[in-house]
Amino acid sequence: MRYSNAFIPTLREEPQDAENISHKLLVRGGFIKQLSSGIFIFLPVGWKVISKIYRIIKEEMDRIGAQELFMPSLTPSQIWKESGRWEEYGDDMLRVKDRKNREYALSPTHEEIITEIARKHIHSYKDLPQIWYQVQTKFRDELRPRGGLLRVREFLMKDSYSLDESWEGLDRSYELHKQAYIRIFKRCGLKFVHLRASSGLMGGSLSEEFAIISDAGEDEVAICENCGYSANLEVAISKVPNYAISKYDEFKKVYTPDKTTVEELAEFLKIGKEHIIKSLVYYVNNKPYLVLIRGDYEVNEEKLRKIIGNFQYATDEDILSLGSYPGFIGPHNLNIEIISDESIKHMDDGIIGANEKDYHYIGYKINFDRYYDIRKVKEKDLCPECGKEISIKRAIEIGHIFKLGTRYSISMGAYFQDKDGSLKPIIMGSYGIGLGRIMSGAIEIYNDENGIIWPISIAPFEAVIIDILGNNFASEIYEKLRNEVDILLDDRKDISAGVKFNDADLIGIPFKIIVGKKFNEGKIEVQRRDKTAVYEVNINQAVDTIKKIILDERRKFEI
RNA sequence: CGGGGUGUAGCGCAGUGGUAGCGCGCUUGGCUUGGGACCAAGAGGUCCCGGGUUCAAGUCCCGGCACCCCGACCA
């Protein structure tokens, strides 16, 4: 590509509405442009990056025997009603009506459509296993899109689906995906972790997540530096450091005026939060539960949901009707089912609400039949596997793999006939990768004060020739290189050298080939974007040397 | 949905009820070419939208819309 013909609208100033680095650099580099909240245009260089990510994904999916297909975005409400997700998905699912008033969803994911194909065409164990994938636009009507490409309403996702005749088959398909994903992210040059995760709305048994550790991320993950345990905070578990030694030997009521929060109470009683038992009321179908957790922990509502089901929060009126008082509720003499977290098991005694205004009990002896794990893991909790301290970090989710099982095959009737003649539901898995998140995640990892530093495997160009002299040489080597190297020739006239350097760095092209002042000495210069090296090359060996440098760089991302 | 903020030239922003501004970018001419040069002359406006107050509204009041941030929500 000649720069003089290219459309790369770089911006000198930061866009006012961008917050994180990847968003700013994507906009400044002319990669993307926002059309509406959470909806982006990929401009030509942005689309080149996406295309390169796509090609890597395709090669690795094909390598595990997956077959590419393409499903529509606009999908009839009927199949979503069959699976039950027409209701479950709620407002995140973007719904539209056609001229005949029929309902459709702009698909947030494609399990239902895959299942529709499977139930129509898969009838025998001989038809299995299958892995089908596509790269397609997904729609999720996020309440609050944010962070440029990190959380958007319309996004590109590679989604694949495995169909197997047995659970062992699913294990194999799942493992194949895991290996393919590791290869994909390595070839994209990413530093990533993989995590235990929650399957949420997808249903199913096991799920793992691939993520880039970055403050720009929205997921919180628990990581053990010692043994490598890593999990999304939604499902992370930990051992509780046991430091809640008894302070009181007597059970008695104390006056605690207006101390309705753990913080206020701890300060008032001059005692650590870990000596207080926090009591929270949740309702499931009008049945109240009292959830007890140590004062220095928060409830992980995802975990709680798995135990008691979908819940609502109690109102102040609810708490009064239970015979207690808001801010002073506690387990003593309250007729209600109790869900107590493991964190209170190790307390000798605790401070609890007295169920009357302005009073708490101290010295409450802990004695419950059962304890559950419903707390959110926090920094310095102990690793469940090796006992060392855990740290909490933010992360960008870039891939997620699920063992779905029979959730869709049973609800939608996708059965096959097995060897013994019996009818069995197809065992399914589903596996996603966010292409835009790879793109912005890479930028979050690789950038400096001048702009993006792309890994060569996903860079919009592998090299740029910066022609400062305007003689024929730059154009000559460009013509000789362009068939083998994805190269940009900056042939713009009447533009100062500084602008060319700055654009090249902003866009993040891995190599700059500079035809400038050294040309009179018979040399050109090759600079690495990551600033780790500069090479001087004889002009009569320029083409071969540049080819070699680029090929060597490419090889670093092949595995 | 709650809280906070923004909306004026392509981008970034200033603007005190009284003539619509600055920097960058853009066009033309000149000069320059190793890190976002310089000189000169230009073009470019629904001041987010609608109503109101006023002799007069970018500015004050009311209503709406869009976008951003924090939270809630979602995965």
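Trainee: Describe the overall build of chain A, naming the residues involved and giving the relevant values.
Mentor: Across its full length, chain A holds 14 helices and 30 strands. By principal-axis analysis of the C-alpha atoms, chain A measures approximately 90 × 65 × 50 Å. Every one of the 559 residues in chain A was classed for burial, and the buried ones make up 53%. The long-range share in chain A, meaning contacts at least 24 apart out of those at least 6 apart in sequence, stands at 69%. Computing the positive centroid from 80 side-chain charges and the negative centroid from 88, chain A places the two 3 Å apart.

Trainee: So, the pattern of salt bridges: which residues are in play, and what are the values?
Mentor: Here the structure, examined in full by the defined rule, presents 60 salt bridges. When the shortest N-O distance is used, the salt bridge between Glu-59 and Arg-187 registers 2.7 Å. With Glu-59 in helix H2 (residues 44-63) and Arg-187 in helix H6 (residues 167-187), the pair connects residues that are 128 residues apart, well separated along the chain. In this structure Glu-59 comes out as partly exposed when scored by relative accessible area, which is 37%. According to the relative accessible area criterion, Arg-187 is buried, its value standing at 7%. Here Lys-253 and Glu-356 are joined by a salt bridge, their closest N and O atoms 2.4 Å apart. On the criterion of sequence distance, the pair formed by Lys-253 in strand E13 (residues 252-255) and Glu-356 in the loop between strand E18 (349-353) and strand E19 (359-365) is long-range, its members being 103 residues apart.

Trainee: Break down helix H8 (residues 301-308) for me, with residues and values.
Mentor: One full turn of an α-helix is made of 3.6 residues, so residues set three or four places apart face in the same direction. Among the residues making up H8, those that are buried are Lys-303, Leu-304 and Ile-308. Here the buried residues of H8 occupy an arc of 115° about the axis, which is enough to place them on one side. Residues of H8 that are buried make contact with strand E14 (277-284), strand E15 (287-294) and strand E17 (337-340). Of the residues that open H8, the one with a side-chain oxygen 3.0 Å from the backbone nitrogen of Glu-302 is Asn-300. Remark: Gly-309 follows H8 within two positions and exhibits a positive phi of approximately 95°.

Trainee: Outline the domain arrangement of chain A, supporting the account with residue identities and numerical values.
Mentor: By the assigned domains, chain A splits into domain 1 (10-73 + 108-232 + 392-444), domain 2 (252-365) and domain 3 (461-555). Look at where the C-alpha atoms of domain 1 and domain 2 centre, and you get two points 40 Å apart.

Trainee: How would you summarise the sheet that holds E13 if you had to cite specific residues and measurements?
Mentor: Sheet strands line up and pair through hydrogen bonds in the backbone, either parallel or antiparallel. With antiparallel pairing, three strands are arranged side by side in an open sheet as E13-E19-E18. The open sheet has two free edges, formed respectively by E13 and E18, since each of these has just one partner strand. Here the strands of the sheet are splayed against their neighbours by 30° on average, with no regard to which way each runs.

Trainee: Talk me through the sheet that holds strand E26 (residues 463-467); I want residue IDs and the actual numbers.
Mentor: Reading across from one edge, E27-E26-E28-E29-E30 is the order of the five strands in this open sheet, with mixed pairing throughout. Strand pairing shows two members of the sheet lacking a second neighbour, strand E27 (487-490) and strand E30 (534-538), which therefore form its edges. The mean angle between the axes of side-by-side strands here comes to 20°, regardless of whether they run parallel or antiparallel. Across four bridges, the pairing between E26 and E27 is parallel. Its bridge partner being in E27, Val-464 is matched across the sheet by Leu-488. Of the strands in this sheet, E26, E27 and strand E28 (511-515) touch helix H13 (residues 497-507), which is tilted by about 175° from E26.

Trainee: Give me the lowdown on a nonpolar patch on the surface, citing residues and values where you can.
Mentor: A surface patch of nonpolar side chains, about 300 Å² in accessible area, is lined by Ile-410, Tyr-415 and Leu-423. Residue position: Tyr-415 is located in strand E21 (residues 415-417). Here Tyr-415 falls in the partly exposed class, since its relative accessible area comes to 34%.

Trainee: Account for the nonpolar core, with residues named and values stated.
Mentor: Ranked by internal contacts, the top residues of the largest apolar core, which has 61 residues, are Phe-31, Ile-53, Tyr-181, Phe-185, Met-439 and Trp-454. Inspection of this core shows a minimum of three residues originating in each of domain 1 (10-73 + 108-232 + 392-444) and domain 3 (461-555). Setting aside its immediate chain neighbours within four residues, Tyr-181 contacts Met-61, Lys-158, Ser-160, Phe-210, Gly-399, His-400, Ile-401, Tyr-431, Gly-432 and Ile-433. Judged by nonpolar contacts, the second largest core, of 24 residues, contains Phe-473, Tyr-478, Val-537 and Ala-542.

Trainee: Account for the pairing of E14, with residues named and values stated.
Mentor: In terms of burial, E14 is largely enclosed, as seven of its eight residues are buried. As judged from the eight bridges shared by E14 and E15, these two strands associate in the antiparallel manner. Residue pairing for E15: Leu-280 is matched across the bridge by Val-291. If you look at the hairpin formed by E14 and E15, you'll find two residues sitting between the two strands, and Asn-285 has a positive phi there, around 45°.

Trainee: Account for H2, with residues named and values stated.
Mentor: Across its 20 residues, H2 extends 28 Å between first and last C-alpha, which sits within 8% of the 28 Å expected from 1.5 Å per residue. When we look at burial in H2, the residues that qualify are Val-45, Gly-46, Val-49, Ile-50, Lys-52, Ile-53, Ile-56, Ile-57, Glu-60 and Met-61. Seen from one end, H2 has its buried residues packed into an arc of 165°, which puts them on one side. In this structure, the buried residues of H2 make contact with strand E2 (39-42), strand E7 (130-139), strand E8 (154-164), H6, strand E23 (427-434) and helix H11 (435-445). Looking one or two residues past H2, Gly-65 carries a phi angle of roughly 85°, positive in sign.

Trainee: How would you sum up the side chain of Ser-457? Please name residues and give values.
Mentor: Structurally, Ser-457 is set in the loop between strand E25 (451-452) and E26. A polar contact of 2.6 Å, which involves the side chain of Ser-457, links it to the backbone oxygen of Arg-187. When residues no more than four places from it in sequence are discounted, the contact partners of Ser-457 are Lys-52, Ile-56, Arg-187, Cys-188, Gly-189 and Phe-557.

What counts as what
Every chain is numbered on its own, with residues counted from 1 as its sequence reads. Labels follow written order: the first chain is A, the first ligand is 1, and so on. Owing to the predicted nature of the model, reporting of local features is limited to residues with pLDDT of at least 70; listing and counting of side-chain atom pairs is limited to 80 or more, with chain, interface and lining totals taken over all residues. Calculation of side-chain values draws on the structure's entire complement of heavy atoms; hydrogens and water are dropped beforehand. The helix count covers DSSP runs of H or I at least four residues long, the strand count covers runs of E at least two residues long, and both are numbered beginning at the N terminus. Three exposure classes are used, based on accessible area relative to the maximum for each residue type with a 1.4 Å probe and protein chains only: buried under 20%, partly exposed in between, and exposed over 50%. Residue contacts are defined here by distance: any two heavy atoms, one from each residue, within 4.5 Å place the two residues in contact. In this tally, Lys and Arg are treated as positive and Asp and Glu as negative; His is ignored, and so are the chain termini. Every charge is mapped onto a representative atom, which is NZ of Lys, CZ of Arg, CG of Asp or CD of Glu. Between Lys or Arg on one side and Asp or Glu on the other, a salt bridge is scored when a side-chain nitrogen of the former is within 4 Å of a carboxyl oxygen of the latter. Read the arc as the range of directions from the helix axis to the C-beta atoms. N or O atoms within 3.5 Å of each other form a polar contact, as long as, within protein, one can give a hydrogen and the other can take it, and as long as residues adjacent in sequence are counted only when both atoms are side-chain atoms. Residue ranges assigned to the domains are those given by an automatic or database domain assignment. Here the rule is simple: two strands pair whenever DSSP picks up at least two bridges between them. Think of each axis as a best-fit line through the C-alpha atoms, taken over the contacting stretch in the case of a helix, with angles from 0 to 180 degrees between the N-to-C directions. Like charges are joined within 9 Å and nonpolar side chains (Val, Leu, Ile, Met, Phe, Trp, Tyr) within 5 Å, but only among residues with over 30% relative accessible area and no salt bridge; these make up the patches. Note that accessible areas follow from Shrake-Rupley with a 1.4 Å probe, and for residues the cover is restricted to the protein chains shown. The nonpolar core is taken to be a set of buried Ala, Val, Leu, Ile, Met, Phe, Trp, Tyr and Cys residues, with the residues joined through side-chain atoms within 4.5 Å. Under the convention used throughout, the expected extent of a helix is 1.5 Å for every residue step, that is, one less than its residue count.

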